[in-house]
Amino acid sequence: MHGFSASFHNITVNPFGLGRKSRQLFDEVWRKFSGLGQISRTTFLDDTVLVREEVRAPFCEFTIPGAQNTTVLVVGATSRIGRIVVRKLMLRGYTVKALVRKIDDEVKDMLPTSVELVVGDVGDSSTLKDAVQGCNKIIYCATARSTITGDLNRVDHQGVSNVSKALQDFNNHLAKLRAGKSSKSKLLMAKFKSEASLDEWDLELKNRYKVLSEYDDTDDYAEFGWEEETKSAVFTGFVSTRGSYVELSRPLSLPLGNTLGRYEGLVLSVGGNGRSYSLILKAGPAANRSQSKLYYARFNTRVGYCRIRIPFSAFRPVNASDPPLDPFLIHTLTIRFEPKRRRPVDDSADEDDDPRSFRLTLGYIKALPTGQETDFVLVSCTGLAVDPSRRDQVLKARRAGEDSLRRSGLGYTTIRPGPLREEPGGQRALIFDQGNRISQGISCTDVADICVKALHDSTARNKSFDVCYEYLDEQGQDRYELVTHLPDKANNYLTPALSILEKNT
């Protein structure tokens, strides 16, 4: 007893110190006993801040099913939200990779030692291949260091686009290795890679009010051909006659036994000139095509190539009395151009600026497999905490990044928190809303918790939403749906919150 007392009194009586020593002792015993690794570690970053690094353990009560087989890349891992996200992921049993600009002592001190650090720059796509290698999901918490337009575009817009494309390329690589047999593989419906790939497409110039013939006195024309210079398929023309439009159609030719029933939408790789088009699907039983129904969805293009994602839920019946689209019955695909204006804005304008002319370069059309979970979580912002003089520029870059993710074909969740606060999470009710109406802040910890929960919540897939603390609405304003957020790790507050929100936003 005397020996024990003497050694005990030599220890500084500090609750944090005692806790630290007890954990270190337990860690050492556990390592020798099972060799399963460190459970937890406590370190001091300075004299006042205590950071507890939670590391995966097989018996951890926070671990969720499938986490140990899931690798998550955290972009912006040293940001206010990113640091918390990393620890929450580790605590729940995920394998975590962190993308950082450089690896130095400051970065090492911020993150748990079991996190794999990868050097890269979101603005440079060539540095991202190693970062996404082996990753199943991404949480993007990076933000521009300044409100200079160049920084905003590099991180908030181009950065999101580069990282999402890198993950897509990695997934495509895996799909090739699996010979397209994976449930996550896209189904290639059309690829325009040579002149022969255009053979099955039919081009028609039509009019709502009469049957057109080659003898009609009109300037309207349409072409679909292969450009040898650019090695691309081009759908182009000019439509000015009242009621006229152009359609490019092809019956689907799917592999034997395949239908679009297990897919959730289409993704098109196209190059446009800013015109709007309609994608029309004809669906009906194979035994009787006369019972087919038409469904349409509109999409806009921009100058240069872009990927356009159109979920089947976005298609509306041409006849309002027809039932909703059943992807299982789709048998024909049509791209239609019909000008919104029949007269040029300016008689002296070039043909490229004439809204009656169009030019669409086609790359490929693929079907997106039905997914139950999110692949990419993006932390955006509402702009409330930004200097009003720069708010428009910040939101423009952020929304452009969100749009590039939405078109990527990945399952996404976009979170727009109110002004961030450095305070404990799980203490107050949260408001989930769509429509840029929130006005309050939110804890960084709460935002990080939403990011982690969204990874495996099917209701979070392909949704964008604003979130902040609960507050009383002002007189005359709409009341919000309040979702109570209890400080309980088992509380599934996200599913009921997001189930009432619109998808594909």
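All figures in this text were calculated on a predicted structure; none of them were measured in a lab.

A. Broad picture of the overall build of the chain. Per the secondary structure count, the chain includes nine helices and 25 strands. Looking at the chain as a whole, 47% of its 505 residues are labelled buried. A fraction of 72% describes how many contacts in the chain between residues 6 or more apart in sequence connect residues 24 or more apart. As displayed, the chain has an accessible area near 26500 Å², and 50% of this comes from carbon and sulfur atoms.

B. A look at the sheet that holds strand S16 (residues 316-317). If you walk across this open sheet you meet the six strands as S8-S11-S17-S13-S14-S16, and the pairing is antiparallel. Because the sheet does not close on itself, it has two edges, and the strands there are strand S8 (202-207) and S16. Where strand S11 (residues 244-251) and strand S17 (residues 330-337) come together, six bridges link them in antiparallel fashion. Directly across from Arg250, in S17, lies its bridge partner Leu333.

C. Inspection of the nonpolar core at higher detail. With 42 residues, the main nonpolar core has Val85, Leu89, Ile139, Phe432 and Ile450 as its most contacted residues. With seven residues, the top contributor of residues to this core is helix H8 (residues 444-454). Counting 40 residues, the second-largest nonpolar core is a separate cluster that includes Leu187, Phe192, Ala283 and Leu360.

D. Quick look at the state of the cysteines. This model, assessed by the stated rule, comprises zero disulfides. The cysteine Cys451 is free of any disulfide, with Cys141 supplying the nearest cysteine sulfur at 5.2 Å.

E. Here's a closer look at the packing of helix H6 (residues 149-177) against helix H7 (residues 391-407). For the pair H6 and H7, the least separation of the axes is 8 Å and the interaxial angle reads 5°. Considering their axes alone, H6 and H7 lie roughly parallel with respect to each other. Packed against H6, whose contacting residues are Leu152, Asn153, Asp156, His157, Val160, Ser161 and Ser164, the element H7 presents Gln393, Val394, Ala397, Arg398, Ala400, Gly401, Ser404 and Leu405 at the interface. Classifying every residue of the contact of H6 with H7 gives six nonpolar, seven polar and two charged.

F. Region of the structure containing H7. Under the 1.5 Å per step criterion, the end-to-end length of H7 is 24 Å for 17 residues, consistent within 8% with the ideal 24 Å. Turning to H7, the residues buried within the fold contact H6, strand S12 (263-272), strand S15 (304-311), strand S19 (376-379) and strand S20 (412-417). Note on H7: the residue one or two positions beyond its end, Gly409, has a positive phi of about 95°.

G. Highlighting the packing of helix H3 (residues 80-91) against H8. Packing of H3 against H8 brings their axes to within 9 Å, and their N-to-C directions diverge by 50°. Considering the angle they form, H3 stands oblique to H8. Considering the relative orientation of H3 and H8, their crossing is right-handed. Where H3 approaches H8, its residues Arg80, Ile81, Ile84, Val85, Lys88 and Leu89 are matched on the opposing element by Cys444, Thr445, Val447, Ala448, Asp449, Cys451 and Val452. Broken down by class, the residue content of the contact of H3 with H8 amounts to nine nonpolar, one polar and three charged.

H. Expanded view of the pattern of salt bridges. One pass over the full model with this rule turns up 28 salt bridges. Ionic pairing is found between Arg80 and Glu422, a salt bridge with its closest N-O pair at 2.7 Å. A residue pair is termed long-range when its members are at least 10 positions apart, and Arg80 in helix H3 and Glu422 in the loop between strand S21 (420-421) and strand S22 (430-433) qualify at 342 residues. As a salt-bridge pair, Asp403 and Arg406 come within 3.4 Å of each other at their nearest N and O atoms. Of this pair, Asp403 and Arg406 both sit in helix H7, three residues apart, which is roughly one turn of the helix. Take Asp403: its relative accessible area is 30%, and that puts it in the partly exposed class.

I. Local environment of the environment of Asp449. Mapped onto the fold, Asp449 is located in helix H8. Given the relative accessible area of 8%, Asp449 is considered buried. The spatial distance from the C-alpha of Asp449 to the C-alpha of Lys88 is 7.4 Å, given a sequence separation of 361 residues.

Calculation rules
Residues numbered from 1 in each chain as written. Predicted model: local features only at pLDDT ≥ 70, side-chain atom pairs only at ≥ 80, totals over all residues. Heavy atoms only, no water. Helix = DSSP H or I, 4+ residues; strand = E, 2+ residues; numbered from the N terminus. Buried < 20%, exposed > 50% of the residue type's maximum accessible area, 1.4 Å probe, protein only. Contact = heavy atoms within 4.5 Å. Areas by Shrake-Rupley, 256 points an atom, 1.4 Å probe, with all protein chains shown as cover. Pairing = 2+ DSSP bridges. Core = buried A, V, L, I, M, F, W, Y, C linked by side-chain atoms within 4.5 Å. Disulfide = S-S within 2.5 Å. Axes fitted to C-alpha atoms, helices over the stretch in contact; angles between N-to-C directions. Parallel < 35°, antiparallel > 145°, perpendicular 65-115°, else oblique. Nonpolar A, V, L, I, M, F, W, Y, C, P; charged D, E, K, R; others polar. Expected span 1.5 Å × (residues − 1). Left-handed = near helix turned anticlockwise from the far one by under 90°. Salt bridge = Lys/Arg side-chain N within 4 Å of Asp/Glu carboxyl O.

Keep in mind these values describe shape, not function.
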